[in-house]
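Listed below, chain by chain, are the residues.
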Amino acid sequence: MREFINLTLGGVITGAVYAAFALALVLIWRSTRIVNFAQGAMAAITTFIALSLIESGQSYWVGLAVALLAGLVLGAVVERLVIRPVEGGPELNAVIVTLGLFIAIQALISVLFGVNQRAFVAPFSTIGFRVGDSSLALSPNTLFTLGAVLLVMVGLTALFRYTRVGLAMRASAFGQEVARLLGVRVGRMLTLGWALAAVVGSLAGMLIAAEVTFVTPTYMDALIVFGFVAAVLGGLDSPVGAVVGGLLLGLLLSYVRGYVGDELVGLAALAVLVVVLLVRPGGLFSTTQTRRA
Amino acid sequence: MADAGAHGSTASGAGAAGLTRGAAAGGVAGGTATAPAVLQVEGLSAAYGPVRALQDVTLQAEHGRITAVLGANGAGKTTLLRTISGLVRPTAGRVVLGGEDVTRAPVEAMVTKGMAHVPEGRGVIAELTVDENLRVGSLFRGKVPSEEFERVYTFFPRIAERRNQTAHTLSGGERQMLVIGRALLARPKVLLLDEPSLGLAPRIVAQIFAMVRHLVDTEGLSVLLVEQNARSALSVADTGVVLNLGRVVVTDDAARLAGDEDLRHAYLGF
Ligand SMILES: Nc1ncnc2c1ncn2[C@@H]1O[C@H](COP(=O)(O)OP(=O)(O)O)[C@@H](O)[C@H]1O
Ligand SMILES: [Mg+2]
C-alpha cells in the first residue's frame, strides 16, 4: 500500500512537470501548428543561465526570475528570426528548423557552460514528509513544483478566456486570415505565443532541474519526448488537456517503473502515443473538429 | 420605375426595408451614379503567377447602396475583394477608401480605415463561441458598449439564442448572420461580402439578402456584394457590375441588367 501511495505521489509530481512542458508545446502548436523540438534545449539554456547566477551567490528566486525573463526574450527572438521565415511554408520546413535549432542551442550550452554535470539545489527541502516512521515521496519542494504548475495552468486559462489579448491570440491561432481582416495583429500574437511558451518551458526546466538535482546540457532531452506524448494525449490544442495528459502520463509511467521495470518506461510512453493516435487522434480534450483535408 | 418592383418583392421580407428605397433607386436611373463613392477601384490588376486573375478593373461602391459584382465561377470576384482588402497585392491600379489611397495599406489596418471584408466561406472562427466571434470583430475599437452587441443580437435573434455555443454548431445561414453582425460591429464605411449565398437554401438566401437590404436602407451601410447567384443579387442591388475572365464587361443599373436578356444568357446564367 505504501509503495502504491509513493508511486502515485511520484507520478503526480513528474506528471506535473510533463504537464508544464506539454503546455509550452501546446501554446506553440495552437498558434503556429509547429511542434517545437527545440523547446527542451531552450529551457535548458535558460536554466543554465539561472544556475550560473545562483552559483555566483544570487538567490534561487533571482535565478528563477532571470530564467523566465530569458525565456520570454528567447521565445520572441526565435519566432521572429528563425520561425517567421518558414511560417506558412511546408510544415516539414518548420519541423526541420526547430530540430536544427535544438542542436544549435545544445551546442551553445556546451560552449558557454561546459559539458560537465552540475549540481542544482532545490529552493525547498527535498526530504519527504514523514508519516509515522515512513517517509512519503512528497517534499516541500515537490509541493512547490505542483503549485507552480497549477498556477501557470490557471493563469494561462484565465489569459485565454478572459482577456482581450487572449481572445486575439485564440483568433489568430484558429483563423489567421479572418483575424487579420478583423484588424488583429496576427504577427504580434504569434510572437507573443512563442514568448509565453518559452516562459512556461523555462519554468519546466527550472522545476525539473530541482527534482533531478543535477543538470547537463542534455538533461531536458527525455522531457521533450514525454512532454510531447502528454500533449498528444490531452489534445495538442488544449491547455487543460496538456495538464491532464501530463498527469495521466506521469502516473502511468510511475506505475510501470514501480511494478514492471524501469527499462520499460520509454516503451510505455511510446505505446500511449500509438494508442492515442489510433483510437482518438484529436486527444482527450481536443476542441477542434478533425479538419477536412 | 421597373427596378422598384424588382426590389420590393425580396426586400419586403425585412419589414420596412422597401420604404426608403424608392428615392435612392430613382437616383441611379440612367446608370449614372449620383451618390458619392465610398470605395473606388481604379484600373486594378492582379495575378497568380502567370494566371492574370484581374485586368484593369474599375468600379465603385456608393454610399448607402448595394453594388453587386457578378460573374461565373472563376471570373475573378474573390480575387477582386482580396485585392481590395490587401490579402492579394495588385500588379497595377489603386484602391481608394473614403478619399484615402489604401492600395498598399496592411490588411490589419483596413478595418480601422472603415473596410469590413467577409471572406468567401464566411470566415466564422469555428473554435470560438458566437459571442467571442463578435468580440474579435470589435477588438480593434477598444472598449465597445454592450448595447452595440445587443443591437446585433436583436437584429439576428437566431444567433442570440446561441451566443455561448461554439460557432461550429451554427447552420450556414446562422454563420452568415454571425459574420455580417461581426462586420457591423466594426462600423464599416463599406462592407465587402463574398458570395453570402454560397451553399444556402433559396429561402435562406432571400432572408439574408433582405437583411442586408434592410441594413443599407436603415443604417446607411454601403455594400460591395460579390455573387455568382446573379438573379438574387440583382433583385436587391442598386448597381450591377459584370465581371468575365477578370475584366469588367458592363456596369449598369441593377434592374436594367436583370432585364437585358442577351447579357443574362451570356454572363449571368439565368
Ligand atoms: N490562390 C490561387 N492560386 C492560383 N490561381 C488562383 C488562386 N485563386 C484563384 N485563382 C484563379 O484566379 C481566377 C479567379 O479566381 P477567383 O477570384 O476565385 O474567381 P471567383 O471568385 O469569381 O470564382 C481563376 O482562374 C482561379 O483559378
Ligand atoms: Mg469566389
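Analysis parameters
Residues numbered from 1 in each chain as written. Chains lettered and ligands numbered in written order. Predicted model: local features only at pLDDT ≥ 70, side-chain atom pairs only at ≥ 80, totals over all residues. Heavy atoms only, no water. UniProt positions renumbered as here; feature names shortened; annotations may be inferred. Helix = DSSP H or I, 4+ residues; strand = E, 2+ residues; numbered from the N terminus. Rg over C-alpha atoms; globule rule 2.2 N^0.38 Å. Buried < 20%, exposed > 50% of the residue type's maximum accessible area, 1.4 Å probe, protein only. Contact = heavy atoms within 4.5 Å. Lys, Arg positive; Asp, Glu negative; His and termini not counted. Charge placed at Lys NZ, Arg CZ, Asp CG, Glu CD. Pairing = 2+ DSSP bridges. Axes fitted to C-alpha atoms, helices over the stretch in contact; angles between N-to-C directions. Near = heavy atom within 4 Å. Polar contact = N/O pair within 3.5 Å; in protein donor to acceptor, adjacent residues only side chain to side chain. Core = buried A, V, L, I, M, F, W, Y, C linked by side-chain atoms within 4.5 Å. Donors = N, O, S within 2.8 Å, 3.2 Å for Na, K, Ca; no water. Patch = residues over 30% accessible without salt bridge, like charges linked within 9 Å, V, L, I, M, F, W, Y side chains within 5 Å. Areas by Shrake-Rupley, 256 points an atom, 1.4 Å probe, with all protein chains shown as cover. Salt bridge = Lys/Arg side-chain N within 4 Å of Asp/Glu carboxyl O. Buried area = accessible area lost by both parts, 1.4 Å probe.

- As annotated in an unreviewed UniProt entry, chain B is Branched-chain amino acid transport system ATP-binding protein from Geodermatophilus dictyosporus.
- Database annotation for chain B, UniProt heading Sequence similarities (unreviewed entry): "Belongs to the ABC transporter superfamily."

- If you check an unreviewed UniProt entry, chain A appears there as Branched-chain amino acid transport system permease protein from Geodermatophilus dictyosporus.
- Taken from UniProt, the Subcellular location (unreviewed entry) comment for chain A reads in full: "Cell membrane".
- Check the Sequence similarities (unreviewed entry) section of the UniProt entry for chain A; it says "Belongs to the binding-protein-dependent transport system permease family. LivHM subfamily."

## With respect to the overall build of chain A
Argument step 1. The helix and strand tally for chain A stands at 11 helices and 4 strands.
Argument step 2. For 293 residues, the compact-globule formula gives about 19 Å, and the C-alpha radius of gyration of chain A, at 19 Å, lands near that figure.
Argument step 3. Across its three principal axes, chain A shows a C-alpha extent of roughly 65 × 45 × 35 Å.
Argument step 4. Here chain A holds 293 residues, and the buried ones make up 52% of them.
Argument step 5. In chain A, once contacts between residues fewer than 6 apart in sequence are set aside, the share between residues at least 24 apart is 74%.
Argument step 6. Averaged over its 17 positive side-chain charges, chain A has a centre that lies 14 Å from the centre of its 12 negative ones.

## Re the sheet that holds strand β5 (residues 100-101) of chain B
All names here are of chain B.
Argument step 1. Pairing within the open sheet is antiparallel, and its 4 strands lie in the order β2-β1-β4-β5. At either end of the open sheet lies a strand with only one pairing partner, and these are β2 (51-62) and β5.
Argument step 2. Packing against the sheet, helix α3 (residues 77-84) makes contact with β1 (37-48), β2 and β4 (92-97), and its axis sits at approximately 115° to β1.

## Brief notes about the site of ligand 1
All names here are of chain B.
Argument step 1. All residues in the neighbourhood of ligand 1 are listed as Tyr-48, Ala-53, Ala-72, Asn-73, Gly-74, Ala-75, Gly-76, Lys-77, Thr-78 and Thr-79.
Argument step 2. In the model, an oxygen atom of ligand 1 is placed 2.7 Å from a nitrogen or oxygen of the Thr-78 side chain.
Argument step 3. Thr-79 places a side-chain nitrogen or oxygen 2.5 Å from an oxygen atom of ligand 1.
Argument step 4. With 3 residues, α3 is the single largest residue contributor to the shell around ligand 1.

## A few points about the nonpolar core
Argument step 1. Among the nonpolar cores identified, the biggest contains 97 residues, and Leu-23, Val-184, Met-220, Leu-249 and Leu-253 of chain A together with Val-136 of chain B are the most heavily contacted of them.
Argument step 2. Beyond its immediate stretch of four places on either side in the chain, Val-136 of chain B contacts Leu-167, Ala-171, Leu-182 and Val-184 of chain A together with Leu-128 of chain B.
Argument step 3. Core analysis: the next-biggest nonpolar cluster, separate from the first, contains 47 residues, Tyr-153, Phe-156, Ile-204 and Ile-208 of chain B among them.

## Some thoughts on the coordination of the magnesium ion (ligand 2)
All names here are of chain B.
Argument step 1. The protein atoms that coordinate the magnesium ion (ligand 2) are Thr-78 (OG1) and Glu-120 (OE), at distances of 2.0 to 2.2 Å. With Thr-78 in helix α3 and Glu-120 in the loop between β6 (115-118) and α5 (130-138), this pair connects stretches of sequence that are 42 residues apart.
Argument step 2. The class for Glu-120 is partly exposed, based on a relative accessible area of 39%.

## Focus on a nonpolar patch on the surface
All names here are of chain A.
Argument step 1. There is a patch of nonpolar side chains on the surface, built from Met-1, Phe-4, Ile-5, Tyr-259, Val-260, Leu-264, Leu-267, Leu-270, Val-274, Val-275, Leu-278 and Val-279 and spanning about 1200 Å² of accessible area.
Argument step 2. Elements supplying a minimum of two residues to the nonpolar patch: α1 (2-32), α10 (239-260) and α11 (265-279).
Argument step 3. Of the residues forming the nonpolar patch, the biggest block, 6 residues, is contributed by α11.
Argument step 4. Structurally, Val-275 is set in helix α11.

## A word on the interface of chain A and chain B
Argument step 1. Taken together, the 19 residues of chain A in the interface contact 23 residues of chain B.
Argument step 2. Carbon and sulfur atoms make up 63% of the area that chain A and chain B hide from each other, which totals about 2000 Å².
Argument step 3. Of all residues in chain A, Leu-167, Leu-181 and Leu-182 of chain A give up the largest surface area on contact with chain B, accounting jointly for 33% of the area buried on that side.
Argument step 4. Linking chain A with chain B are 5 residue pairs in polar contact (both at pLDDT 80 or more), by the criterion used here.
Argument step 5. Residue assignment for the side of chain A that touches chain B shows that the elements contributing at least two residues are α6 (164-174) and α7 (176-181) of chain A.
Argument step 6. The dominant element in the side of chain A that touches chain B, judged by the number of residues it contributes, is α6 of chain A, at 6 residues.

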